Amino acid sequence: MAVSIKDIAEKLNVSTATVSLTLSGQGNRRKVSQETQQRVLACAKELHYQPNVLARSLNKGYSENLGLIVPDITDSFFSQLANQIEMEAEKRHYTLMICCSRNDHHLEDRMIDMLQQKRVDGILIAPLYRPDGDTYRNLNEELPAVAIDQLQPKWDGDCVVSSDRKTSVEIVRRMIARGARRIALLCVDSARYSIRERVQGYMDALEEACIPFDREMYADLSIDTWRDDLPTVLDRILAIRPRIDAFFFTTHVLVEELIHYAQARSINLDEMCQIACFHGSPILRSLLPSITIAKMPIEGMAMESVRLLCDRIEYSRKMIPAPPSEHLVLDCVIE
């Protein structure tokens, strides 16, 4: 059975208020003697006392916990982002609860409900695409929340995203400057804000260079079946080679699968054509030395999203009017 404040008070023959003040760090301010405080702390250690976090949060009105929901924690982008957010939260004395929606709207709804039931002080979320957006609108109305990486219809709260469209334009410009004219684009789930912006940047750059869009060199794969479908798509596109000068992938996971595809068919990707993608890793660079990678502003996204959320929490606690929502766009670095 868990040891309570009452157990410590009875063992030492002091009041529960004395024990509570000591364990909460208010003993000196409330003039509890040093001797009594030392006895209380020694007894708590001896009995292996653990504070009731839920009771404490109910008493204070806040939990000092933040929630984070990402669609796929196995994706290196989201795992690195979660790691950075956790470090930023710790700097502000918050504990982070990390949840994965696994690209499932129903599971995401349950994660939001669960975090609210756990009485987190605020939620950071990389939201899934929803045409109606009602879930996110309701979330903003009920709890401080910040969207990361994605924008959604009816989201009127703070958000932090990367410069997807501008970066995509610059990547394709560089490919064109190196002689590419037939640039294949492969993406997954183009309905999502970030992917839609990257596709639009590709279109903008082609139009700027007076290069007509060729639908034969474009593929939008399903989030549910992209891994199984990719070999067939690559077979189709490579069948029209030598028309392909470059491959542009809107996400790094497609390149990782491309490497497996090429190894199975003894294709030398570095000699085949230009390749570029968003996000990457040292391993990807070592396997494809010539690849162009748009490095995501992960540290900045983590720092700014936690800052915005903590600011909203403070406004709510102090019951003062909050300033208008911020929409931050952080630049990627092309390497």
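Further up the page is the structure itself.
Keep in mind the model is a prediction, meaning the values are calculated, not measured.

## A closer look at the sheet that holds strand S4 (residues 145–148)
Read from one edge to the other, the open sheet built from 6 strands follows the order S2-S1-S3-S4-S5-S11, with strand pairing classed as parallel. Only two strands of the sheet have a single partner each, and these edge strands are strand S2 (95–100) and strand S11 (327–330). The average undirected angle you get between the axes of adjacent strands in this sheet is 15 degrees. The strands touched by helix H6 (residues 105–117) within the sheet are strand S1 (65–70), S2 and strand S3 (122–125), with S2 carrying the most contacts at an inclination of about 160 degrees.

## With respect to the environment of Gln200
With respect to the helices, strands and loops of the structure, Gln200 is situated in helix H9 (residues 193–208). A sequence separation of 126 residues divides Gln200 from Glu326, and the C-alpha atoms of the two residues are 23 Å apart.

## With respect to the sheet that holds strand S9 (residues 274–278)
Read from one edge to the other, the open sheet built from 6 strands follows the order S7-S6-S8-S9-S10-S12, with strand pairing classed as mixed. With one partner strand each, in any of the chains shown, strand S7 (218–221) and strand S12 (333–334) form the two edges of the open sheet. Of the strand pairs in this sheet, strand S10 (residues 292–295) and S12 are connected by 2 bridges, and their pairing is antiparallel. When the bridges of S12 are listed, Ala294 appears paired with Ile334. Packing against the sheet, H9 makes contact with strand S6 (183–188), S7, strand S8 (246–249) and S9, and its axis sits at approximately 170 degrees to S6.

## Some words on the nonpolar core
Leu68, Leu81, Ile85, Leu124, Val172, Ile183 and Phe248 are the most contacted members of the largest nonpolar core, which has 50 residues in total. With 8 residues, helix H14 (residues 298–318) is the single largest residue contributor to this core. Formed by 32 residues, the second largest nonpolar core is a distinct cluster that contains Phe249, Leu254, Ile259 and Cys277.

## What about the packing of aromatic side chains?
How two aromatic rings sit relative to each other is given by the distance of their centres and the angle of their planes. Within the structure shown, the criterion is met by 6 aromatic pairs. Consider the rings of Tyr136 and Trp155, whose centres lie 6.1 Å apart with planes at 55 degrees: the pair is tilted. Of this pair, Tyr136 sits in helix H7 (residues 134–142) while Trp155 sits in the loop between S4 and strand S5 (158–162), placing them 19 residues apart in sequence. Judged by its relative accessible area of 11%, Trp155 is buried. In this structure an aromatic cluster arises from ring pairing among Tyr202, Phe213 and Tyr218.

## Re the pairing of S1
Across the 6 residues that make up S1, a large majority, 6, are buried. Neither face of S1 is open: one carries Asn65, Gly67 and Ile69, the other Leu66, Leu68 and Val70, and all of them are buried. As judged from the 6 bridges shared by S1 and S2, these two strands associate in the parallel manner. Each residue of the ladder has a partner; that of Leu68, found in S2, is Ile98. Traced from S1 through helix H5 (residues 76–91) to S2, the parallel crossover comes out right-handed. Pairing of S1 with S3, which is carried by 4 bridges, proceeds in the parallel orientation. From the neighbouring strand, Leu68 faces S3, where its bridge partner is Leu124.

Reading the values: the criteria
- Residues numbered from 1 in each chain as written.
- Predicted model: local features only at pLDDT ≥ 70, side-chain atom pairs only at ≥ 80, totals over all residues.
- Heavy atoms only, no water.
- Pairing = 2+ DSSP bridges.
- Helix = DSSP H or I, 4+ residues; strand = E, 2+ residues; numbered from the N terminus.
- Axes fitted to C-alpha atoms, helices over the stretch in contact; angles between N-to-C directions.
- Contact = heavy atoms within 4.5 Å.
- Core = buried A, V, L, I, M, F, W, Y, C linked by side-chain atoms within 4.5 Å.
- Buried < 20%, exposed > 50% of the residue type's maximum accessible area, 1.4 Å probe, protein only.
- Phe/Tyr/Trp six-rings, centres within 6.5 Å; stacked < 30°, edge-to-face > 60°.
- Right-handed = clockwise from strand over helix to strand, strands pointing away.

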